[in-house]
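Results of the structural survey
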Amino acid sequence: MKRLLLSFLALVLSLWLAGTCGAQQIQNTLRKIQETKSIKLGYLDQSLPFSFVDDKKKPAGYSVELCQKVVSGIEQQLGLVDLEVQWVPITLVNRFEMVTNGTIDLECGISTITVSRQKIVDFSLMTWLDGGNFMVKAGQPRAGLGDLAGKRIAVIVGTTTESALRDALKKDSINAAIVLVKQHLQGLNASDQGKANAYAADQTVLIGLALVVRDQLQLTISERNFSYEPYGLTLRRNDADFKQAVNQVLARLYRTGQIVAIYDRWFGKLGKPSPLLTAMFAINGLPE
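Residues numbered from 1 in each chain as written. Predicted model: local features only at pLDDT ≥ 70, side-chain atom pairs only at ≥ 80, totals over all residues. Heavy atoms only, no water.

**Overview of the pattern of salt bridges**
Put simply, the test is: Here, a salt bridge means any side-chain nitrogen of Lys or Arg that lies within 4 Å of a carboxyl oxygen of Asp or Glu. Elements are defined by DSSP. Helices are runs of H or I of four residues or more, strands are runs of E of two residues or more, and each kind is numbered from the N terminus. Think of it in three bands: with a 1.4 Å probe and only protein chains considered, a residue is buried below 20% of the maximum accessible area for its type, exposed above 50%, and partly exposed in between.
Evaluated as defined, the whole model comprises nine salt bridges. Notably, a salt bridge pairs Arg265 with Glu65, separated by 2.6 Å at the nearest N-O pair. One end of the pair, Arg265, is in helix α9 (residues 259-267); the other, Glu65, is in helix α3 (residues 62-78), and 200 residues separate them in sequence. Residue classification places Glu65 among the buried residues on the basis of a relative accessible area of 9%.

Below, the structure written as structure tokens:
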């Protein structure tokens, strides 16, 4: 009986150790990359201009290019000549699950860094500062909500942007009329037809809209957000070596100013980086 019990305990211990080793293996992403000579990157297909599928049916965008820079940095660090990149489509619903279960090593999208999400996944240095913002016709004042005092602002009803906009106006004692719409196109039309002086939405949405309609409408985005959403590349928790490798590349891009060319490639038609984004690049340009 004693021998049987010892055998059972040994079996349980071996299974536990196997599970632990498996967990450690998936967490040690750099080791896995070196052994397989491949890395799995997740992308979104419609989050233009951050992460989308281009005319050649390939992943493209600001976040995608940052991930490509990370790949080059890891190649150099590990001494790999040609690291295979496996692009994996993800959604806003399954993106974190795809990271935690090992389907992808790094998510190249539009994920906001929050305290609650850090219980599930980890994030790189900030890659973008997003939040509620507004768009006006080119040539109109766009320094901030103060420019819209006494004017009309269109926003989609029932969204977090609507509540954030109302809170921001109240906090700064700005008297502006809210024009509720149901769709982005309706908000753009309201601004174009003079029914509203500005259209408010998540800045990511506004950037995508401005790029899509740039041949029909000349639009410009405010220099200042009225709510705060910091983006980062998503990776697994408790993987310090991989996180350091990712952050080393991002910090170098910011510190050396190489990020400017990347910004211009995807956002240049919208003007220079906002003061807040410029400050974010400077703060995260950590020294070696």
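Here the narrative resumes.
**Overview of the environment of Asp82**
Note the threshold: Only heavy atoms enter the contact rule, under which two residues are in contact if any of them lie within 4.5 Å.
Within the secondary structure layout, Asp82 lies in the loop between α3 and β5 (84-89). Its relative accessible area of 65% is what places Asp82 among the exposed residues. Each residue touching Asp82, except ones within four places of it in the same chain, is listed here: Lys37 and Glu75.

**A word on the environment of Glu65**
C-alpha of Glu65 to C-alpha of Phe96: the two residues are 31 residues apart in sequence and 20 Å apart in space. Those residues in contact with Glu65 that lie beyond four places of it in its chain are Ile262, Arg265 and Trp266.

**A closer look at the packing of aromatic side chains**
What counts, and what does not: Between the rings of Phe, Tyr and Trp (Trp by its six-membered ring), a pair exists once the centres lie within 6.5 Å; its type follows the angle of the planes, with under 30 degrees stacked, over 60 edge-to-face, and the other angles tilted.
Across all of its chains, the model carries 13 aromatic pairs by this definition. The interplanar angle of 80° and the centroid separation of 6.0 Å between the aromatic rings of Phe52 and Trp266 together place this pair among those described as edge-to-face. Here Phe52 is found in strand β3 (residues 51-53), whereas its partner Trp266 is found in helix α9, with 214 residues between them in sequence. On the basis of relative accessibility, which here comes to 11%, the residue Phe52 falls in the buried class. With a centroid separation of 5.3 Å and 70° between ring planes, the pair formed by Tyr62 and Trp128 is classed as edge-to-face. Of the two residues, Tyr62 is situated in helix α3 and Trp128 in strand β7 (residues 122-130); the sequence distance between them amounts to 66 residues. Since its relative accessible area comes to 0%, Tyr62 is described here as buried.

**Side note on unusual backbone geometry**
Here the phi dihedral of Ser173 falls at roughly 55°; this positive angle occurs in a residue that is not glycine. Of note, Ser173 is situated in the loop between α5 (160-171) and β10 (177-181). Taking the relative accessible area as the measure of exposure, Ser173 reaches 67% and is therefore exposed.

**Some remarks on the packing of α3 against helix α8 (residues 240-256)**
Stated formally: Axes, fitted as lines to C-alpha atoms, cover a helix only where it is in contact. Angles between the N-to-C directions of the axes lie from 0 to 180 degrees. For any pair of crossing helices, the crossing counts as left-handed if the nearer helix is rotated counterclockwise from the farther one by less than a right angle, and right-handed if it is rotated clockwise. Gly is put with the polar residues, along with every residue not named as nonpolar or charged; the nonpolar set is Ala, Val, Leu, Ile, Met, Phe, Trp, Tyr, Cys and Pro, and the charged set is Asp, Glu, Lys and Arg.
Relative to each other, α3 and α8 sit at 115°, their axes nearing to 9 Å. The element α3 and its partner α8 pack so that their crossing is right-handed. Only Phe242, Ala245, Val246, Gln248, Val249, Leu250 and Leu253 of α8 make contact with α3, whose side of the interface consists of Leu66, Lys69, Val70, Gly73, Ile74 and Gln77. Here the residues of the contact of α3 with α8 sort into nine nonpolar, three polar and one charged.

**Looking at the sheet that holds strand β8 (residues 132-137)**
Rule in force here: Two strands qualify as a pair provided DSSP detects at least 2 bridges between them.
Strand order in the open sheet formed by five strands is β10-β9-β11-β8-β12, and the pairing between neighbours is mixed. Each edge of the sheet is formed by a strand with only one pairing partner; in this case those strands are β10 and β12 (219-221). When the angles between neighbouring strand axes are averaged without regard to direction, this sheet yields 30°. Contacts from helix α6 (residues 184-192) reach β8, β9 (152-156), β10, β11 (198-202) and β12, with the element oriented near 155° to β11. Along the sheet face, helix α7 (residues 203-212) touches β8, β11 and β12 and points at about 120° away from the line of β11.

**A look at the sheet that holds strand β2 (residues 46-47)**
Within the open sheet, the three strands sit side by side as β2-β3-β4. Their pairing is antiparallel. The two strands at the open ends of the sheet, each matched to only one other strand, are β2 and β4 (59-60).

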